[in-house]
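Working through the structure, step by step
Below are the chains, spelled out letter by letter.
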Amino acid sequence: MQVTSSAANGSEQIWLHIGAGSFHRAHQAVYLHHLMESGDRSWSLALANIRDDMTPLLDALERQDGAYTLETVTPGGVRSYEVIRSIKTIVPWDAALLELTAIGARSSTKVISFTVTEGGYYLDHQHRLDTANPDLAADLQGELNTIYGAMTAILRARAAANGGPVTLLNCDNLRHNGERFHDGLLQFLALRGETALQRWVKEHTRSPNSMVDRITPRPTDEVRARVAQACGEPDPCAIMAESFIQWVIEDDFAAGRPALEKVGVEMVKSVLPYEEAKIRILNATHSCIAWAGTLVGLTYIDQDCARPDIRKMAFDYVTQDVIPCLTPSPLNLENYRDTVLERFSNPNIQDSNQRVAADGFSKIPGFIAPTLQECLARGVVPHATLMLPALFFLFLQRWAGGELPYAYQDGVFDATATRAMLASADPLRAYCADTALWGKLAGSAQLELPLREAVIRVQDWLAQQH
């Protein structure tokens, strides 16, 4: 893949990112900052958001010329501070996304990346768009609530302006994330009847798969206070993350790319083994720990991991079921498992159960169901994996009863339908029949019977806590 520079084309190239949350600023922006610090200033970041919920942050970043402080912390508690300066353009939010569309349409914008959470793609088990979702349905009528609506506006303007090819880079924890987004976008355009734009997208865009990894808690006043003390001045935009960072990208860009391999990004032919290990071992384990910790009254992930019983649930899930599913692998899966659990045990991160427990209706089908399906298909009952959906079922019951210690956040679940499911004569049967969660396994005795046993095991475990 061609790696372009300002010397080659005579002008700075723009990497536009949609999604102003902490993860982008602790991950992609950091890599581009390090590339700039190495002397390669041929690329710069522009940061935008689809919705107005990040406007205060964007305004604060604008006042700081896009710069902010990143605090990182090792498992041993060593903290480091770095000012990240790769964001050169703050794209102000407006309801019609006019500024975002304009910068996305420029020929100098060569990459458009995005982080909109796993639930922001509205895909079912067959990877078809969930057109019943209110936000997506509204965008099919011309509104701009989702990545599909926003990208349609951008690419329509880009095609009209002869802006040239562009890479659309998904940076969310979604299996085959580039392919899934590309397929979803083409479906969206077909439903909108935008045949000409659909053809343009096929001819002028690439959507490589990628895998991203760095634990990034939501910023707190404590982080800002430490940054002010360590750096000598306040920074309202300060964020923190663990010291570990990883980015793996398929080297398939439409219009050149930064020399990211110079700053530690792994450019590969296939992301598949990396993303499978990350999604099943890290992401699913993270959810397991957060649901279990919440049920026993804990607040942070490291507190959960300090409990031998919760740590054992996570360890057994990976060891008994995931590793056999993913073997052979180019990764040492046992070492990866142990590294993940060490990272989760870092008491200095203070990553909340609330953040990690969110979006279960995307995480069950995306992170957990594939291991269940593969085990059952080869005649193995995945007892350790079944503990995860059992934990989530009891977590949902607490939610419905108003007994969670925090507000549960989920981008795709239907709260009314979920309450009806949990109020039915046999809530667990209704849970097992949910096709959005289980796909082909939905309603099967193959799923329901061992999951009932798993729920009993979790209930017995919870009863021992009192």
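Scroll up for the structure.
Here we summarise the structure given alongside this text. (Residues numbered from 1 in each chain as written. Predicted model: local features only at pLDDT ≥ 70, side-chain atom pairs only at ≥ 80, totals over all residues. Heavy atoms only, no water.)

Let's talk about the pattern of salt bridges
Rules: A carboxyl oxygen of Asp or Glu within 4 Å of a side-chain nitrogen of Lys or Arg is what we treat as a salt bridge. Relative accessible area decides the class of each residue, using a 1.4 Å probe on protein chains only: under 20% of the type maximum gives buried, over 50% gives exposed, and in between gives partly exposed.
Applying the stated criterion across every chain yields a total of 22 salt bridges. Among the salt bridges present, the one from Glu 71 reaches Arg 79, with a minimum N-O distance of 3.4 Å. What makes Glu 71 buried here is its relative accessible area of 0%. Note that Arg 307 and Asp 309 form a salt bridge whose closest N and O atoms lie 2.7 Å from each other. A residue is classified by how much of its surface remains accessible, and Asp 309, at 27% relative accessible area, is partly exposed. When salt bridges with common partners are traced through the structure, they connect Arg 175, Glu 276, Arg 280 and Glu 374 into a single cluster.

Some remarks on the sheet that holds strand 4 (residues 79–84)
Convention followed: At least two bridges found by DSSP between two strands are what make those strands a pair. Elements are defined by DSSP. Helices are runs of H or I of four residues or more, strands are runs of E of two residues or more, and each kind is numbered from the N terminus. Angles shown run from 0 to 180 degrees and are taken between the N-to-C directions of axes, each axis being a line fitted to C-alpha atoms and, for helices, limited to the stretch in contact.
One open sheet holds the three strands; their spatial order is 4-3-10, and the pairing between them is mixed. Bordering the open sheet on either side are strand 4 and strand 10 (239–242), each of which pairs with just one other strand. In this sheet, neighbouring strand axes are inclined to one another by 25 degrees on average, regardless of whether the strands run parallel or antiparallel. Alignment of strand 3 (residues 68–73) against strand 4, held across six bridges, turns out to be antiparallel. Bridge pairing links Leu 70 to Glu 82 in strand 4.

Re the packing of helix 16 (residues 360–377) against helix 17 (residues 383–400)
What counts, and what does not: Each angle gets one of four labels, with under 35 degrees taken as roughly parallel, over 145 as roughly antiparallel, 65 to 115 as roughly perpendicular, and the rest as oblique. Rotating anticlockwise by less than a right angle from the far helix to the near helix defines a left-handed crossing, while the corresponding clockwise rotation defines a right-handed one. Contact definition: two residues touch when any of their heavy atoms are within 4.5 Å. Each residue receives one of three labels: charged for Asp, Glu, Lys and Arg, nonpolar for Ala, Val, Leu, Ile, Met, Phe, Trp, Tyr, Cys and Pro, and polar for the others, Gly being one of them.
Two elements in contact, helix 16 and helix 17, have axes separated by 9 Å at closest approach and are oriented at 160 degrees. Here helix 16 is positioned roughly antiparallel relative to helix 17, judged by the angle of their axes. Between helix 16 and helix 17 lies a crossing of left-handed hand. The residues of helix 17 that touch helix 16, namely those facing Gly 360, Phe 361, Ile 364, Ile 368, Thr 371 and Leu 372, are Thr 385, Leu 386, Leu 388, Pro 389, Phe 392 and Leu 396. Across the contact of helix 16 with helix 17, the residue classes tally to nine nonpolar, three polar and no charged.

As for the packing of aromatic side chains
The condition is simple: Two rings belonging to Phe, Tyr or Trp (six-membered ring only in the last case) form a pair when the distance between their centres is within 6.5 Å. Interplanar angles under 30 degrees mark stacking, angles over 60 mark edge-to-face geometry, and anything in between is tilted. Both a distance and an angle decide whether a charge sits over a ring: NZ of Lys or CZ of Arg must be within 6 Å of the ring centre and within 35 degrees of the ring normal.
Per the stated rule, a full pass over the model turns up 18 aromatic pairs. Where Trp 291 meets Phe 392, the ring centres are 4.7 Å apart and the plane angle is 35 degrees; that geometry is what we call tilted. In this pair, Trp 291 is assigned in helix 11 (residues 272–295) and Phe 392 in helix 17, connecting sequence segments 101 residues apart. For Phe 392, a relative accessible area of 0% translates into the label buried. Pairing Phe 361 with Phe 413 gives two aromatic rings, centres 5.5 Å apart and planes at 35 degrees, and the pair type is tilted. Within this pair, whereas Phe 361 is found in helix 16, its partner Phe 413 is found in the loop between helix 17 and helix 18 (415–422), the two being separated by 52 residues in sequence. Taken together through their ring pairs, the aromatic side chains of Trp 291, Phe 361, Phe 392, Phe 395, Trp 399, Tyr 406, Tyr 408 and Phe 413 make up a single cluster. Residue placement shows Arg 343 over the ring face of Phe 244; its charged tip is 3.8 Å from the ring centre. When the ring centre of Trp 399 is taken as origin, the NZ or CZ atom of Arg 419, which lies over that ring, is 4.2 Å away.

Considering the sheet that holds strand 8 (residues 205–206)
Pairing is parallel in the open sheet, where six strands are placed in the order 5-2-1-6-7-8. Lying at the two open borders of the sheet, with one neighbouring strand each, are strand 5 (87–90) and strand 8. Examined bridge by bridge, strand 6 (residues 109–114) and strand 7 (residues 166–170) share four bridges and lie parallel to one another. Bridging from a neighbouring strand, Ser 113 pairs with Leu 169 of strand 7. Across the sheet, helix 5 (residues 98–105) lies against strand 1 (13–18), strand 2 (43–48), strand 5 and strand 6, angled at about 140 degrees from strand 1, the strand it touches most. This element, helix 8 (residues 177–192), spans strand 6, strand 7 and strand 8 of the sheet and lies at about 115 degrees to strand 7.

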